[in-house]
Amino acid sequence: MIQTIAAIATPAAAGGISVIRISGEDAFLVADRVFRARNGKLLLGRNGYTATYGDIYFHNEKIDEAIATVFNAPHSYTGENVVELSCHGGLYLTQEVLRAVLENGARMAEPGEFTKRAFLNGKINLSQAESVMELISAQGKEALRAANAQLSGALSKQISSVKEELLKLAAHLSAWVDYPEEEIPEVDEDEILSSTGNALMKLEHLLSQFDTGKLIREGIDTVIVGKPNVGKSTLMNLLSRCERSIVTDIAGTTRDIVEETVRLGDLILRVSDTAGIRETTDTVEQIGISLAKQRMEQAALVLAVFDGSTKWSSEDEMILSAGEQTSVAVINKSDLPIITDAERIAQVFEHVVVLSANDPSSLNVLEREIRLALNLSGVDPFAPMLLNERQRICTQRAASSLKQVICEVKNGMTFDAVTVLIEDAIDALMEITGEKVTDAVVDSVFSNFCVGK
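Since we're looking at a predicted model, the values are computed, not measured.

> Now, about unusual backbone geometry: what can you tell me, with residues and values included?
At the junction of Ala73 and Pro74, the peptide bond is cis and its omega measures out at 0° in the coordinates. Topologically, Pro74 is positioned in the loop between strand E5 (61-71) and strand E6 (82-89). In this model, Lys333 sits at a positive phi of 70°, which is unusual for a non-glycine residue. As for its position among the elements, Lys333 is in the loop between strand E12 (327-332) and helix H12 (342-348). Positive phi outside glycine occurs at Asn375, with the angle close to 55°. If you trace the backbone, Asn375 turns up in the loop between helix H13 (362-373) and helix H14 (389-410). Overall, the relative accessible area of 60% leaves Asn375 in the exposed class.

Okay, structure coming up:
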């Protein structure tokens, strides 16, 4: 925290501009050693939120024109003095500007160190810091909304609300147990059960939404299965909006798994197109079919494709096992007369769509049915949401302690012992926001960040 740090804050690729971020007590001094304003004034002493046009010098040689933007502590992202140098976006040029900064008093920032300093300086809490990476990695509108909601404090406020309720209860219990001579109102079992029960209900709701939230943020692991020539690869290409899979009228064309991450409306699907499932003596095709069955068992969502223009077959019957999982049956080739056994499909699959994989308008119908199958229709991306396993485990610990409180109160445990369990729950909640967390946990959280953030 004493040292001034610097890093490239933009992607490592050629572009219109690159930004080198400098943060720390000596950020202005370091910047003034490499940046010369055209008006001849130093950055040190400038008002915050101002930009200055000038040139970057390295070893007394001008290497680029640049804009220097100044942020005075504590009114910056990190809470420290910050200068951002915006230069032309060449890869070599950007590295040279960074070298100039590093050789003039700054050190290279560690992964996530800017955001870590923002946390340590009280600009954001730990759960908000974690939402920054979710914001950066968001691939869809709902993932972006969820990340923004948590960065704005949706989860923090919910956790703080539960924590404050438990703190009041713990304080009342401790005072009543420790100072019996004082006229402190007695705590009764109903008060404990009511407070802990309300807190537990809020935590269990967060936990119940974790898997669904993960699907929104990270994408839905999806597999396309069906017998040969039903249009699996055509559906894959429709979702990908490009020729991702080879499409022919020859059965068994797809033998390996073809994977692609696609956007379907506001959803992100991590789709795998698999070999057609059928009985075959072809050794290579058998391997592909075996892989298809394995992927089907592991997927969060199965798109089971049937050819609506052909009669029902024993190979179609083999695909019905997909109905045991979270799945959508796709009766393909709706542009042709439907002669397959649609009733048989509807008996097994709760969610069925009839479409043509050659028609882009079919995607709207498919998205709607996928949302229903995954119970995503009622999910509010702006609501409090647990973002990762660390937060989930802490919430689970707190919920477990509260369940034990309720159980022990009903069994007649003394109030001083109950207080210990409530304090355990409070400690777990404080870990989520970083109010009570070890250095090892903090280091682990920020090690997952990119260097410039």
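From this point, the discussion proceeds with the structure in view.
> Describe the sheet that holds E6, with residues and values.
Paired through their backbone hydrogen bonds, the strands of a sheet run either parallel or antiparallel. Taken together, the 7 strands give an open sheet; going across it, the order is E3-E4-E5-E6-E2-E1-E7, and neighbouring strands pair in mixed fashion. Looking at the sheet topology across the chains shown, the edges are occupied by strand E3 (35-37) and strand E7 (107-108). In this structure, strand E1 (residues 5-8) lies alongside E7, joined through 2 bridges in parallel fashion. From the neighbouring strand, Ala6 faces E7, where its bridge partner is Met108. Along the sheet, helix H2 (residues 91-102) contacts E1, strand E2 (15-23), strand E4 (50-58), E5, E6 and E7; its crossing angle with E6, the most-contacted strand, is approximately 150°. Against the sheet, helix H3 (residues 113-120) engages E1, E2 and E7, with an angle of about 135° to E1.

> Please provide a residue-by-residue account of the environment of Thr52, values included.
For Thr52, the position within the fold is in strand E4. Take Thr52: its relative accessible area is 4%, and that puts it in the buried class. Spatially, the C-alpha atom of Thr52 lies 63 Å from that of Phe349, the residues being 297 residues apart in sequence. If we ignore the near neighbours within four places in the chain, the residues touching Thr52 are Phe35, Ala37, Asn39, Leu43, Arg46, Ala66, Ile67 and Ala68. A polar contact is formed between the side chain of Thr52 and the side chain of Arg46, at a distance of 2.5 Å.

> Quick rundown of the nonpolar core? Include the residues and the values.
One finds Leu166, Ile192, Leu203, Ile422 and Leu429 to be the most contacted residues of the largest nonpolar core, which totals 31 residues. Elements supplying a minimum of two residues to this core: helix H6 (154-178), helix H7 (189-208), H14 and helix H15 (415-433). Not counting residues within four places of it along the chain, the set of residues in contact with Leu166 comprises Thr196, Ala199, Leu402, Ile422, Ala425, Ile426 and Leu429. In this structure, Leu215, Ile216, Leu267 and Val353 belong to the second largest nonpolar core, which totals 30 residues.

> Account for the packing of H14 against H15, naming residues and giving values.
For any two helices packed against each other, the geometry is given by the interaxial angle and the distance between the axes. One way to put it is that H14 packs onto H15 with a least axis distance of 8 Å and a crossing angle of 165°. As the angle between them shows, H14 and H15 are arranged roughly antiparallel. Note on packing geometry: the crossing formed by H14 with H15 is left-handed. On H15, the residues that touch Arg390, Gln391, Cys394, Thr395, Arg397, Ala398, Ser401, Leu402, Gln404, Val405, Glu408 and Val409 of H14 are Val418, Leu421, Ile422, Asp424, Ala425, Ala428, Leu429, Glu431 and Ile432. A per-class count over the contact of H14 with H15 returns 12 nonpolar, 4 polar and 5 charged.

> Explain helix H4 (residues 126-137) to me, and be specific about the residues and the numbers.
Between its first and last C-alpha, H4 extends 18 Å over 12 residues, near the 16 Å set by a 1.5 Å rise per residue. Of all the positions in H4, only Leu126, Ser127, Gln128, Ala129, Glu130, Ser131, Val132 and Glu134 are classed as buried.

> Outline the sheet that holds strand E9 (residues 258-264), listing residues and values.
In spatial order, the strands read E9-E10-E8-E11-E12-E13; together these 6 strands make up an open sheet with mixed pairing. Edge positions in the sheet fall to E9 and strand E13 (352-354), since each of these pairs with one other strand and no more. Averaged over all adjacent pairs, the angle separating strand axes in this sheet is 25°, with direction ignored. The pairing of E12 with E13 spans 3 bridges and is parallel. Within the sheet, the bridge partner assigned to Val330 lies in E13 and is Val353. Its contacts with the sheet put helix H9 (residues 232-240) on strand E8 (220-225), E9, strand E10 (267-273) and strand E11 (301-307), and the angle it makes with E9 is roughly 50°.

> Explain helix H8 (residues 210-218) residue by residue, including any values.
An α-helix turns once every 3.6 residues. As a result, residues three or four positions apart point the same way. Listing the buried residues of H8 in full gives Phe210, Thr212, Gly213, Leu215, Ile216 and Arg217. The elements touched by buried residues of H8 are H4, helix H5 (141-151), H7, E8 and H14. Just downstream of H8, Gly219 is the residue with a positive phi angle, here 100°.

> Which residues make up the pairing of E5, and what are the values?
Here E4 pairs with E5 via 9 bridges, running antiparallel. Note that in E5 the partner of Gly54 across the bridge is Ala66. Hairpin geometry of E4 and E5 is characterised by an intervening segment of 2 residues between the two adjacent antiparallel strands and by a positive phi of about 55° at His59. Bridge count for E5 against E6 is 6 bridges, and the pairing is antiparallel. Of the residues in E6, the one forming a bridge with Thr69 is Glu84.

> Give a description of the packing of aromatic side chains that names residues and reports values.
According to the stated counting rule, one finds 4 aromatic pairs in the structure shown. Look at Phe119 and Phe446: their rings are 6.1 Å apart centre to centre, the planes differ by 35°, and that puts the pair in the tilted class. In this pair, Phe119 is assigned in helix H3 and Phe446 in helix H16 (residues 439-446), connecting sequence segments 327 residues apart. Judged by centre distance (5.7 Å) and plane angle (20°), the rings of Phe306 and Trp312 are stacked. Taking the relative accessible area as the measure of exposure, Phe306 reaches 0% and is therefore buried. The exposure class assigned to Trp312 is partly exposed, which follows from its relative accessible area of 24%. One aromatic cluster in this structure is built from Phe306, Trp312 and Phe349. The side chain of Arg36 reaches across the aromatic face of Tyr57, ending 3.8 Å from its centre.

Parameters and conventions
Residues numbered from 1 in each chain as written. Predicted model: local features only at pLDDT ≥ 70, side-chain atom pairs only at ≥ 80, totals over all residues. Heavy atoms only, no water. Helix = DSSP H or I, 4+ residues; strand = E, 2+ residues; numbered from the N terminus. Buried < 20%, exposed > 50% of the residue type's maximum accessible area, 1.4 Å probe, protein only. Pairing = 2+ DSSP bridges. Contact = heavy atoms within 4.5 Å. Axes fitted to C-alpha atoms, helices over the stretch in contact; angles between N-to-C directions. Polar contact = N/O pair within 3.5 Å; in protein donor to acceptor, adjacent residues only side chain to side chain. Core = buried A, V, L, I, M, F, W, Y, C linked by side-chain atoms within 4.5 Å. Parallel < 35°, antiparallel > 145°, perpendicular 65-115°, else oblique. Left-handed = near helix turned anticlockwise from the far one by under 90°. Nonpolar A, V, L, I, M, F, W, Y, C, P; charged D, E, K, R; others polar. Expected span 1.5 Å × (residues − 1). Phe/Tyr/Trp six-rings, centres within 6.5 Å; stacked < 30°, edge-to-face > 60°. Lys NZ or Arg CZ within 6 Å of the ring centre and 35° of its normal.

Just distances and angles here, no functional claims.
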